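As a plain string of letters, each chain reads:
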Amino acid sequence: MLFFRICECITNQKNFLLNFNPPPTGPSLLDIADLSRLLISASWSAWFIRNLQKSISTLWRQEPMMLPKPGIYYFPWEVSAGQVPDGGTLRTFGRLCLYDMTRSRVTLMAQHGSDQHQVLVCTKLVEPFQAQVGSLYLVIGELGHQQDGGSVVKARVLTCVEGTNLPLLEQAIQEQRAYQRERDSRH
């Protein structure tokens, strides 16, 4: 999108310099070739580049940021205990124990100590996918609440990560949290 806006900007600058109206179909290869000949002229080159830089920086500021937040790692037992803020972007994991295709729901299970914890995941945005019951999955999404009071993760990403060393993943999450706490305390 930004490329086409820059082409449009280049065409508009060239048309301004040549004092003619732009063709209704937008920039063509001939327009860009004419523009390159025009830029050879040293007197116009510096002026054009200055104005192009201003136009590009204006366009860059106008482009909306389309990427969602990356998500904070939460352990499945934290999600099931309600320790995640509603609407918060999160990452969590668990073994797929149930996939209800008719309701677009997946249940992930994780064991912590002697307790089993469940995380309910809405899969409407990631379907179709090959559910492998018993395999380890990582989910990135937003936490929402259901009418019955339970919570559900609305998945943006649901991927099988079978073979991941879970104790090492849990240790990495703890290390990341410790680093972020230390970094935040310094600022």
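Here we take up helix 5 (residues 166-186). Given 3.6 residues per helical turn, the α-helix brings residues three or four places apart onto the same face. In a regular helix each residue adds 1.5 Å, so 21 residues correspond to 30 Å; helix 5 covers 30 Å between its end C-alpha atoms and thus fits that length. Among the residues of helix 5, those classed as buried are Leu169, Ile173 and Arg177. Here the buried residues of helix 5 occupy an arc of 80 degrees about the axis, which is enough to place them on one side. Away from the buried face of helix 5 by more than 90 degrees, exposed residues Pro167, Glu175, Ser185 and Arg186 are located. Looking at the buried positions of helix 5, the neighbouring elements they touch are strand 1 (72-73), helix 4 (76-80) and strand 2 (89-100).

What follows deals with the environment of Gly82. Of note, Gly82 is situated in the loop between helix 4 and strand 2. On the basis of relative accessible area, Gly82 is assigned to the exposed category, the value being 55%.

Next up on the list: the packing of aromatic side chains. Within the structure shown, the criterion is met by four aromatic pairs. Centre to centre, the rings of Phe75 and Phe93 are 6.4 Å apart; their planes meet at 90 degrees, and the pair counts as edge-to-face. Pair noted here: Phe75 is in the loop between strand 1 and helix 4 and Phe93 is in strand 2, with a separation of 18 residues, a long-range link. With respect to burial, Phe75 and Phe93 carry one shared label: buried. Taken together, a centroid distance of 4.9 Å and an interplanar angle of 45 degrees make the contact between Tyr99 and Phe129 tilted.

Here the focus is the nonpolar core. Val79, Val106, Leu108, Val121 and Val153 are the most contacted members of the largest nonpolar core, which totals 18 residues. Of all elements in the fold, only strand 2, strand 3 (105-112), strand 4 (115-122), strand 5 (136-145) and strand 6 (151-160) reach the threshold of two or more residues within this core. Formed by eight residues, the second largest nonpolar core is a distinct cluster that contains Trp77, Phe93, Leu136 and Ile173.

Further remarks concern the confidence of the model for the protein chain. On average, residues of the protein chain score 77 in pLDDT, and 63% of them are at 70 or above. In this model, residues 17-23 is a region of pLDDT below 50 whose contacts with residues beyond four sequence positions or in other chains number nine contacts.

Conventions and cut-offs
- Residues numbered from 1 in each chain as written.
- Predicted model: local features only at pLDDT ≥ 70, side-chain atom pairs only at ≥ 80, totals over all residues.
- Heavy atoms only, no water.
- Helix = DSSP H or I, 4+ residues; strand = E, 2+ residues; numbered from the N terminus.
- Expected span 1.5 Å × (residues − 1).
- Buried < 20%, exposed > 50% of the residue type's maximum accessible area, 1.4 Å probe, protein only.
- Arc of directions from axis to C-beta.
- Contact = heavy atoms within 4.5 Å.
- Phe/Tyr/Trp six-rings, centres within 6.5 Å; stacked < 30°, edge-to-face > 60°.
- Core = buried A, V, L, I, M, F, W, Y, C linked by side-chain atoms within 4.5 Å.
- pLDDT = per-residue confidence, 0-100.

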